[in-house]
Amino acid sequence: MQDHDDVALCVDLDGTLVHTDLLHESVLALLRRNPLWLFVLPLWLWRGKARLKREIARRACPDVTRLPYDARVLALLRDAGTRPRVLCSASDQRWVDAVAAHVGGFDAAIGSDGETNLDGARKAAALVARHGERGFDYIGDAGADLAVWLRARRAIVANAPARVLARLRRSRTVDAVIEPRPGAWRAALRALRPHQWSKNLLVYVAAVAAHRIFEPAVLSAASLAFVAFCLCASGAYVLNDLLDLDADRRHPRKRARPFAAGRLSIASGLVAAPLLVLGAFALASLLPWRFVLVLGLYAATTLAYSLLLKRVVLVDVVVLAALYTLRIVAGAVAIPVEASAWFLAFAMCLFLSLALVKRYAEVQRVVESAQESVAGRGYRATHLAWIGRFGAVAAATSLFVLALYVDSTKSAALYRQPHWLWLLLPLLGYWLLRVWSLARRGRMHDDPVVFALTDVPSLAVLAAFIATVAMAA
């Protein structure tokens, strides 16, 4: 039922109308464009928070059409009838105007102007000056909104922490509450991407290849390396998701990721990412120093990938292949044991082919949707054919290098019956043909490694792989 009251309905923006903070979003967009802006931000902040927001707003603005809006708050605005609707926020006026224009139906939009940061008591004074004491209803979410609620006719709380709601109830009557969305802990776990930790099992490969995996000291060192890589990788995934907000919101599946969907705050991600990486290096300090160096190289490469390299055609897939191979190297130096150059070359070629499968699936989706390019990447629809050709070459090269390894003196020294290893070639060849065949038919997951862990034929090939190596040993 629509409300025909003539008292203005005023709504906050960050955390209330949208499940995000536009200042945080814009800072990330600015740093994604050029990380060197990080050194300029303190100078702007020294001149005041309103000036900081204005300088950032001049250079960056999130795509307001894809922000995670709260459907319940939008419904309240729609049902306001003929009442004046006012969007009032401490965000910069440019961002507030952009959101008001996209949502529509607002009679006024008020934000920070570069001189005055419109939050707390200043926002309350501005609304009282426009509508009078108790002349407006207010929807907010934060502790800074307490000053506004106290001067509003009705206090409507949306997505507020329990402590904020409790403080408000001690001061005045709360007229309506829109509860925060449940599942924050589940969203936090999803942001760590535990399903991706399976990739870190590669740190055990060197121990398995050296036939030392059942030695207690070796198994302990490899397991410690596995946990360290899981922490470091999760930190990298969190940072990557923060820097990829706009691109993820354009993706049919990635838009449901916790940060893109507003299930987790950007501030929590900015705290979690470095803590996870620090935890990884704390564990790494218990292993040989060479492992710390490899983990550092992995972390630095991942950061460079998130900030820049993922937007450079071909360089991005080479980096992805290198990051997989680094896990094998890390496992070798953690034990320590010598890693075969043949095996590392094989791994690099194999993972290069799988990285190209990932890009092929993304570009193919762009072609099917009649778009021109992959959001947040350098690939265009016209690149599809040569990505497929390069991927096939990388796959064939991995088979060739594997054959050279099987025929080498290295395998003869490690295995009692190395002739069994020749069976690995048709097994791997079948699996690569299957992966690329599914990719060309549009049935490949964005991540072929995740696909392999859920695909029954792929798991059967893995079991046959293990059995073949066991027979050779």
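For clarity, every value in this text was computed on a predicted model and none was experimentally measured.

### Remarks on the overall build of the protein
- When its secondary structure is counted, the protein shows 21 helices and 6 strands.
- Each of the three principal axes of the protein carries a C-alpha extent, and together these read 90 × 50 × 40 Å.
- In the protein, buried positions account for 50% of the 473 residues.
- Here the analysis covers contacts within the protein between residues at least 6 apart in sequence; of these, 66% occur between residues at least 24 apart.
- When the accessible surface of the protein is totalled, it reaches about 21,500 Å², and 64% of it is carbon and sulfur.

### Topic: the nonpolar core
- Ranked by internal contacts, the top residues of the largest apolar core, which has 78 residues, are F291, F351, L402, W431 and M444.
- Ranked by residues supplied to this core, first place goes to helix α16 (residues 341-368) with 12 residues.

### Considering the sheet that holds strand β2 (residues 85-92)
- The 6 strands are arranged β3-β2-β1-β4-β5-β6 in an open sheet whose pairing can be described as parallel. For this open sheet the edge positions go to β3 (108-112) and β6 (176-178), each flanked by a neighbour on one side alone. Neighbour to neighbour, the strand axes of the sheet diverge by 20 degrees on average, direction disregarded.
- In the packing of helix α4 (residues 71-78) onto the sheet, contacts are made with β1 (8-11), β2, β4 (136-140), β5 (154-158) and β6, and the angle to β1 comes to roughly 160 degrees.

### What to know about unusual backbone geometry
- Cis geometry is found at the peptide bond from I335 to P336, where omega equals -10 degrees.
- Mapped onto the fold, P336 is located in the loop between α15 (315-334) and α16.
- Its identity as a non-glycine residue notwithstanding, H211 has a phi of 60 degrees, on the positive side.
- Take H211: it is sitting in the loop between α10 (205-209) and α11 (216-243).

### Considerations on the pattern of salt bridges
- Overall, the coordinates contain 27 salt bridges when judged by the stated rule.
- Two residues, D241 and R257, come together in a salt bridge whose shortest N-O distance is 3.3 Å. Highlighted residues: D241 in helix α11 and R257 in the loop between α12 (245-249) and α13 (266-284), separated in sequence by 16 residues.
- Accessibility expressed as a relative area gives 19% for R257, which makes it buried.
- D246 serves as the salt-bridge partner of R250, at 3.2 Å between the closest nitrogen and oxygen.
- For D246, a relative accessible area of 24% corresponds to the partly exposed category.
- One network of salt bridges, with partners in common, ties together R51, E55, R58, R59 and E115.

What counts and how
- Residues numbered from 1 in each chain as written.
- Predicted model: local features only at pLDDT ≥ 70, side-chain atom pairs only at ≥ 80, totals over all residues.
- Heavy atoms only, no water.
- Helix = DSSP H or I, 4+ residues; strand = E, 2+ residues; numbered from the N terminus.
- Buried < 20%, exposed > 50% of the residue type's maximum accessible area, 1.4 Å probe, protein only.
- Contact = heavy atoms within 4.5 Å.
- Areas by Shrake-Rupley, 256 points an atom, 1.4 Å probe, with all protein chains shown as cover.
- Core = buried A, V, L, I, M, F, W, Y, C linked by side-chain atoms within 4.5 Å.
- Pairing = 2+ DSSP bridges.
- Axes fitted to C-alpha atoms, helices over the stretch in contact; angles between N-to-C directions.
- Salt bridge = Lys/Arg side-chain N within 4 Å of Asp/Glu carboxyl O.

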